[in-house]
Protein chains: 2
Amino acid sequence: MNRVYNFSAGPSMLPLEVLEQAAAEMTNYNGSGMSVMEMSHRSPVYDAIIKQTEADFRTLMNIPDNYKVLFLQGGASTQFAAIPLNLMKTGKADYVVSGQFSGKAFKEAKKYGDAKCIATSEDKTFSYIPEITPDMVREDADYVHVCYNNTIFGTKYPEVPNVGDKVLVADMSSCITSEPVDVTKFGVIYAGAQKNMAPAGLTVVIIREDLMGTAREDIPTMLDYKTMADNDSMYNTPPCYAIYVAGLVYKWALKNGGLEAMKERNEKKAALLYDFLDNSKLFKATAEKKYRSMMNVCFVTGDEALDKKFCKEAAEAGFVNLKGHRSVGGMRASIYNAMPTEGVQALVEFMKKFEAENA
Amino acid sequence: MNRVYNFSAGPSMLPLEVLEQAAAEMTNYNGSGMSVMEMSHRSPVYDAIIKQTEADFRTLMNIPDNYKVLFLQGGASTQFAAIPLNLMKTGKADYVVSGQFSGKAFKEAKKYGDAKCIATSEDKTFSYIPEITPDMVREDADYVHVCYNNTIFGTKYPEVPNVGDKVLVADMSSCITSEPVDVTKFGVIYAGAQKNMAPAGLTVVIIREDLMGTAREDIPTMLDYKTMADNDSMYNTPPCYAIYVAGLVYKWALKNGGLEAMKERNEKKAALLYDFLDNSKLFKATAEKKYRSMMNVCFVTGDEALDKKFCKEAAEAGFVNLKGHRSVGGMRASIYNAMPTEGVQALVEFMKKFEAENA
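What counts, and at which threshold
- Residues numbered from 1 in each chain as written.
- Chains lettered and ligands numbered in written order.
- Predicted model: local features only at pLDDT ≥ 70, side-chain atom pairs only at ≥ 80, totals over all residues.
- Heavy atoms only, no water.
- Pairing = 2+ DSSP bridges.
- Helix = DSSP H or I, 4+ residues; strand = E, 2+ residues; numbered from the N terminus.
- Axes fitted to C-alpha atoms, helices over the stretch in contact; angles between N-to-C directions.
- Contact = heavy atoms within 4.5 Å.
- Domains from an automatic or database assignment.
- Buried area = accessible area lost by both parts, 1.4 Å probe.
- Salt bridge = Lys/Arg side-chain N within 4 Å of Asp/Glu carboxyl O.
- Polar contact = N/O pair within 3.5 Å; in protein donor to acceptor, adjacent residues only side chain to side chain.
- Least-squares fit on C-alpha atoms with pLDDT ≥ 70 in both.
- pLDDT = per-residue confidence, 0-100.

## Comments concerning the sheet that holds strand E8 (residues 168–171) of chain B
All names here are of chain B. With mixed pairing, 7 strands are arranged side by side in an open sheet as E2-E10-E9-E8-E5-E3-E4. Each of the sheet's edge strands pairs with one partner strand only, and the pair in question is strand E2 (67–72) and strand E4 (114–120). Put simply, the sheet's adjacent strands are angled 20° from each other on average, direction ignored. Its contacts with the sheet place helix H4 (residues 100–109) against strand E3 (92–97), E4 and strand E5 (144–147), and it is angled at close to 160° to E3.

## A closer look at the domain arrangement of chain A
Residues and elements named next belong to chain A. Domain boundaries in chain A define domain 1 (5–16 + 258–358) and domain 2 (23–255). Its C-alpha centre places domain 1 at a distance of 26 Å from the equivalent point of domain 2. Every contact between the two is made by 32 residues of domain 1 and, on the other side, 33 residues of domain 2. When domain 1 packs against domain 2, close to 2600 Å² is buried across both sides, 61% of that on carbon and sulfur atoms. Linking domain 1 with domain 2 are 0 salt bridges. At the junction of domain 1 with domain 2, the criterion picks out 15 residue pairs in polar contact (both at pLDDT 80 or more).

## Topic: the relation of the copies chain B and chain A
When chain B is fitted to chain A, the best match, at an RMSD of 0.0 Å, comes from turning it 180° and sliding it 0.0 Å along the axis. Expressed as a symmetry operation, the mapping of one chain copy onto the other fits a two-fold axis. Within chain B, the C-alpha atom positioned nearest to the axis of rotation is that of B:Ala23, 2.2 Å from it. Comparing contact sets, 100% of the residues at the interface of chain B also lie at the interface in chain A, consistent with an isologous, same-surface contact.

## As for the confidence of the model for chain A
Across chain A, the average pLDDT comes to 97, with 100% of residues at or above 70. On the interface metric, ipTM, the complex scores 0.98, and its pTM is 0.98.

See the structure below:
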């Protein structure tokens, strides 16, 4: 078999049993005589797949009935435009810039109205999450936008930010389904699926029903949440196969104890790595302790050449995609739900050995 | 195995050997130790996949160097907005409405400027393609938009419409790669991939380079062709797995003789079905002869109850998804590249038998 431990930030590891089931069902899904890739999205057999996928996702995330789940395309980057186009009713929105993607979301929103950055951690290379209090939010802002886990810098909100009675919108691309969240505290949660849920090409949006139907008139129809909700994500052909794989992943997560169990396992995995880093003389974690991501663990040796050597030797030993994002360098171990504890244990052992050899 | 003959209009049949290869490579692609679904889109192994996919597509379609190929998301429906947002420089564009999707494209364009319907076949339920001559196009129109094959009504342009020196934009979702086309006659060709090329979730755009860079300032970044071209379709994470399957399909098409061979085989398949229909006392093709689609063959018995009986019995015999689009009823056999000649032969035999039994 020779599977590697894949620490890619996304697309990233999927549970092996999910891949094996997808392979087994590839030419004939459940006696249908065809692949899920070949099914009409309006056929009863596919309808059962997408409905079950949504039902399992709702169970997993404990999504209340007054929230719609949308299966869309275009990635979080498309949502950066969709959010202001749908939600900027008064034309004002407040943004927290805690990394590269929240910066992009803020920049995109400025195209469509008065978007204001109310807090940023740019002063310390986004190594922490700025604190938010309700008084920082403008009285007439339509919403406050945050990126809940910053993939590139390895930081995460330690708790749901307090924005008072304002609508909170969160990009959860790199932490969704990693632990339970109280959906009722958010107006919109969105996520590219390619980190913790499915292959790339699927974007999931969870939106409170009362926030739909107020989009700008000139919004591209495909970005209008109400259109997509009214058509159960089938205004046009959805990314059927990615939705099917997401469904297999949700079933896997439920079978393995749901999000409480995911959280427990993810905390254990992250602790293994951070504990080692905190005690290492060679490696150093880059994010402030309080704001450390459970999903993306960023670290450096302080020596670029040594970072490079580490990534190269790690890859040769079967620990791949440990290079940090091209904009920041260093290393990043992304340890999403599908990364087994043994993968992190083995990585720590390898790092110990590397440290001893390069002391 | 028990594979059915799947006449779905899209998503639709894929070559069995493509599905088998995808299944075989599912948990470990080419010794990488991971699935294509799990690969970082910026990794060398994935970079080789997307580059080879583009190269094979360029060979297959004979795409000149001054055209860019973009691998996008959102389906043709997203392009209905992207086209005017990118190309309406003077604010005027002319549309031919030859079916439901071209009607949707026209309606969407009206959001962004002075879109004019210069010809339509709505008077005869879109059973033909209206003739276009250069004098019908407005002098200052930025482009003329057509839908080259109308999936729902089973019609196709018999030749490239003559729009003089104007930029011709064509939605080729349901006929791309079914036969050779002279790309140089078009400014933009776009297609949802889920009919003739790949699973749903991938949209391919072929665009002449000089047509990029003039998008409206408030265009969503993800819809800006120049942004996508400058980043080789990797401004954000592309639909990696759908691109990989498209690559397998392109290799299959090249191995089987390229688009000349596809055309020959498709003509033969379509002739088998239309010849039967033209001689049938029970069934009748709905599209005018001159404009018949090679990909979507629409027909009726003239009796709704009998149509229903036919679809039911056909499905039981392993000929599935023959029901016409919910907006028009009747029957539709979509016979894309991946439908083998034997599938059409077997369907004709079944139709003969049904006709004899229901005379």
